[in-house]
Amino acid sequence: MSSRRTSAKGFVSRSTSIGVIMALVAMLCIGQLASIQLLNGKSTAQAATASRTLPVTISAQRGKILDANGSVLAQSVERYTIVGDPQAAQSFRPTTCTADTKNYCQQIDGKPVGTTGAAAVARLLAPALGMDAMELGAKLSVPGRYAVLKKDVAPEVKRAIDKLGLGGIIYGELSSERLYANGTMIGALLGGVDAEGKGVAGVEQMENKALTGKDGYKVFQQGNGGEEIPGTVTESKDAVNGSDVTLTVDADVDWYLKKVLAEGKDQYQADWALAVVQDVRTGQIVALDDTDQIDAGSDDAKLNVAKVVSQTFEPGSVGKVISISGMLQSGARQLTDKFTVPDHINKNGQVFQDAEDHGAEHWTLAGILEQSSNVGMVMASDNYSSEQRYEFMTKFGLGQSSGLGLPGESSGALSGPQLWDGRTKDTVLFGQGYSVNALQLTNAIATIANKGVRQQQSIIKSVSDANGHVSTPSEPQPTRVVDEQVAAQVSDAMESAADHYQAFAGVDGYRVAAKSGTAEVPGADGKLSSIISDWSGIIPADDPRFVVTVVMKNPHGSFGGLTSGPVFKQIGEFLMQKYEVPTSAPRKNAIAVDW
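About the criteria used
- In this numbering scheme, every chain counts its residues from 1 along its sequence in written order.
- Note on the predicted model: pLDDT of at least 70 is required for a residue's local features to be given, and 80 or more for side-chain atom pairs to be given and counted; whole-chain, interface and lining totals, by contrast, use all residues.
- Heavy atoms from the whole structure form the basis of all side-chain values; hydrogens and water molecules are not counted.
- Strands are runs of DSSP state E lasting at least 2 residues, helices are runs of H or I lasting at least 4, and numbering of each runs from the N terminus.
- Between buried and exposed lies partly exposed: a residue is buried under 20% and exposed over 50% of the maximum accessible area for its type, with that area taken using a 1.4 Å probe on protein chains only.
- Here a residue-residue contact requires only that any non-hydrogen atoms of the pair lie within 4.5 Å.
- We get accessible surface area from the Shrake-Rupley algorithm with a probe of 1.4 Å; when it comes to residues, only the shown protein chains can shield them.
- By this rule the span expected of a helix is its residue count minus one, scaled by 1.5 Å.
- Between N-to-C directions, angles span 0 to 180 degrees; the directions come from axes that are lines fitted to C-alpha atoms, helices contributing only their stretch in contact.
- Convention used here: angles under 35 degrees read as roughly parallel, angles over 145 as roughly antiparallel, angles from 65 to 115 as roughly perpendicular, and any remaining angle as oblique.
- Here is the rule for handedness: rotate from the far helix to the near one, and if that takes an anticlockwise turn smaller than a right angle the crossing is left-handed, while a clockwise turn gives right-handed.
- Lys, Arg, Asp and Glu make up the charged group, whereas Ala, Val, Leu, Ile, Met, Phe, Trp, Tyr, Cys and Pro make up the nonpolar group; the residues left over, Gly among them, are polar.
- Contacts described as polar in this section are N or O atom pairs within 3.5 Å, which, within protein, must combine one atom able to donate a hydrogen with one able to accept it, while residues neighboring in sequence count only if both atoms come from side chains.
- Grouping buried Ala, Val, Leu, Ile, Met, Phe, Trp, Tyr and Cys residues that are joined through side-chain atoms within 4.5 Å yields what is termed a nonpolar core.
- Put plainly, a pocket is an open set of points on a 1 Å grid over the protein atoms alone with protein on both sides within 12 Å along at least five of seven lines, a cavity is a set where a 1.4 Å probe fits but cannot get out, and a lining residue has an atom within 4 Å of a point.
- Grid points are joined across faces, edges and corners, and a volume is the space filled by probe spheres set on the points.
- Salt bridges are identified by distance alone: a Lys or Arg side-chain nitrogen within 4 Å of an Asp or Glu carboxyl oxygen.

Caption draft 1: Representation of the overall build of the protein chain in the model. Of the regular secondary structure elements, the protein chain holds 21 helices and 25 strands. In the protein chain, which comprises 595 residues, the proportion classed as buried is 46%. Counted over contacts in the protein chain with a minimum sequence separation of 6, partners at least 24 positions apart contribute 72%. Only carbon and sulfur atoms are counted for the fraction: they give 50% of the accessible area of the protein chain, which is about 28500 Å².

Listed below in structure tokens is the structure:
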């Protein structure tokens, strides 16, 4: 009996101890709960809210690049980067479809998914992304919480993924993709953007500041899948999209330009060909392209400069236009001055010769240009000093930037007269001993077409910001290079030069004032083994609208009038038809070319 009492007392004692301990634990729990709810409740709730309240960037769209008629050449479109949470994917269990779960269950073609974890997520996701399920499964089977599954996904694909019930496992990050409309047409000129959407070449780089918008943001509470909880936005700032940049380039003309350049290159088996079309009245570049096949936005476009912008060459006999203009303006010569011109001449120990053998010809200065005589140019230069030669070359824009601001443009090479040797001081008279690019040469001829006034070339027509405000770039004031009378006389002599090639480069119904050129230039062997053939012409000559320059390297046929001239003819015919230019009045009182 005594042992039973002892045992009962022990049981009671242990029970009491346990009860006391449990009571203490309960009191501690109640105290902690009271502390959390009564004392720290506000801060705890704030912490919970803060953990799911995050700022989200609202990306600004990059502005468009448009042609002169408003056709889109480059634009950014809404895209998504699809991202997965591998940790969440690996613990995924598909929801079986029943009458109660039909709005949020997962199945494939009406059948159960058939597996769990990353493999199940991959099976559901693969058809929407157009990817292999095994590849997706591998990307979701790695450690961590972030894995990029696919970039540049269209919005409709993102919406299809949202319907898979994979919130918290798969989500999309808003991005954009830069699209270009016309492939290789002005491809290198347009350039491209890098992975961050920054312009790194061509117009994309030149106008990057205008094209780039300002990102906005929004602060709100997010659900488990990153979605916005309605009514929780606490702060926001709208994104401001980049400005649209409109070029002076007419895509229709440039398309045709590209086409005939490619055909000309093939026909004459040239290494390359390029061309520029300029509006005489405004200085705007209507078209410029070359035979390089570079897609806009491609790696090649980002790494290379458009040949029509970067390529330099000796202009050859086209340079005679500048020399004769300077002679007339300085008073050294008149176009009616008479010369007896042999096919070669020895001056100060230097021999100069014409392209073809001929006897002593009776040519005026206008005839020297019409016949493209190197010997005649040397003979006519007695009263035209080296300083004057250099002065007018620079006034016409040679040896200096076009002012267009295009990345990678070369200014050519024109040294001062103090550096000219005994031969160069005379070869510059007929376009050798210095180099230009096609833009410079075009504007020099456009100066003659524009009655002796040189305009600043332009390729940016306007910039329109996100609010619709349109601005036009400010341009320097035009500068007079030669008198209007001098320009008219030179144009007349150029018209005679163009008539010399009427059968090959003439445009029916329209008068043309032009000059062809052919120059030997160093080839790959470092010797004068390559040929540049060019042609720069004004059309119509009686009421100038356009100057077109065509340049070829190593064409079969060599002479610019027989190779680049026919390409000019095609471009000129297209321009006259497209812009409905009235036909020319008959030519009268041409300056005599011989005596």
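Caption draft 2: Inspection of helix α13 (residues 319-330) at higher detail. Spanning 12 residues, α13 covers 17 Å between terminal C-alpha atoms, matching the ideal 16 Å at 1.5 Å per step. With 10 of 12 residues buried, α13 lies mostly within the body of the structure. Those residues of α13 not exposed but buried are Gly 319, Lys 320, Val 321, Ile 322, Ser 323, Ile 324, Ser 325, Gly 326, Met 327 and Leu 328. In this structure, the buried residues of α13 make contact with α14 (365-371), α15 (374-380), α16 (386-395), α18 (438-449), α19 (484-499) and β23 (513-521). Where α13 ends, the next residue or the one after it, Gly 331, has phi of about 85 degrees, a positive value.

Caption draft 3: Seen up close, the packing of α13 against α16. One can describe the packing of α13 onto α16 by two numbers: an axis separation of 9 Å at closest approach and a directional angle of 115 degrees. In terms of their interaxial angle, α13 and α16 are classed as roughly perpendicular. Here α13 and α16 pass one another in a crossing that is right-handed. Between α13, through Ile 322, Gly 326, Gln 329 and Ser 330, and α16, the contact on the second element is made entirely by Gln 388, Phe 392 and Met 393. A per-class count over the contact of α13 with α16 returns 3 nonpolar, 4 polar and no charged.

Caption draft 4: Quick peek at the side chain of Lys 258. With respect to the helices and strands, Lys 258 occurs in helix α10 (residues 251-268). In this structure the side chain of Lys 258 is engaged in a polar contact, spanning 2.7 Å, whose partner is the backbone oxygen of Asp 292. Once residues lying within four places of it in the same chain are set aside, the contact partners of Lys 258 are Thr 184, Asp 289, Asp 290, Asp 292 and Gln 293.

Caption draft 5: Representation of the nonpolar core in the model. Within the largest apolar cluster, 90 residues are counted, with the highest numbers of intra-cluster contacts made by Leu 189, Leu 247, Leu 288 and Met 494. Considering each element in turn, this core owes the most residues, 8 residues, to α18. If we skip the residues at most four places from it in the chain, Leu 189 touches Gly 202, Val 203, Leu 288, Ala 306, Val 309, Leu 406 and Ile 459. Core analysis: the next-biggest nonpolar cluster, separate from the first, contains 31 residues, Val 260, Ala 505, Phe 546 and Phe 568 among them.

Caption draft 6: Seen up close, empty space enclosed by the protein. Scanning the model with the defined rule gives 4 cavities of 30 Å³ or more in all. Counted as a void, the largest cavity has a volume near 80 Å³. Forming the boundary of the largest cavity are 15 residues, of which Gly 187, Ala 188, Asp 289, Asp 290 and Ala 306 lie nearest the centre. Of all the secondary-structure elements, those providing two or more residues to the lining of the largest cavity are α7 (187-190), β12 (285-290) and α12 (307-310). Considered class by class, the residues forming the lining of the largest cavity number 8 nonpolar, 2 polar and 5 charged.

Caption draft 7: Region of interest: the pattern of salt bridges. All told, the structure shown has 22 salt bridges when counted by the stated rule. Its salt-bridge partner being Arg 511, residue Glu 495 comes within 2.6 Å of it at the nearest N-O pair. Taken together, the residues Glu 495 in helix α19 and Arg 511 in the loop between α20 (502-505) and β23 connect sequence positions 16 residues apart. Between Lys 569 and Glu 573 there is a salt bridge, and its shortest N-O distance comes to 3.6 Å. Here Lys 569 pairs with Glu 573, and both are found in helix α21 (residues 560-578), just 4 residues apart, close to one helical turn. Salt bridges sharing partners connect three or more residues here, namely Asp 492, Glu 495, Asp 499, Arg 511 and Arg 587.

Caption draft 8: Region of the structure containing the side chain of Ser 381. Relative to the elements of secondary structure, Ser 381 occurs in the loop between α15 and α16. With relative accessibility at 1%, the residue Ser 381 sits in the buried group.

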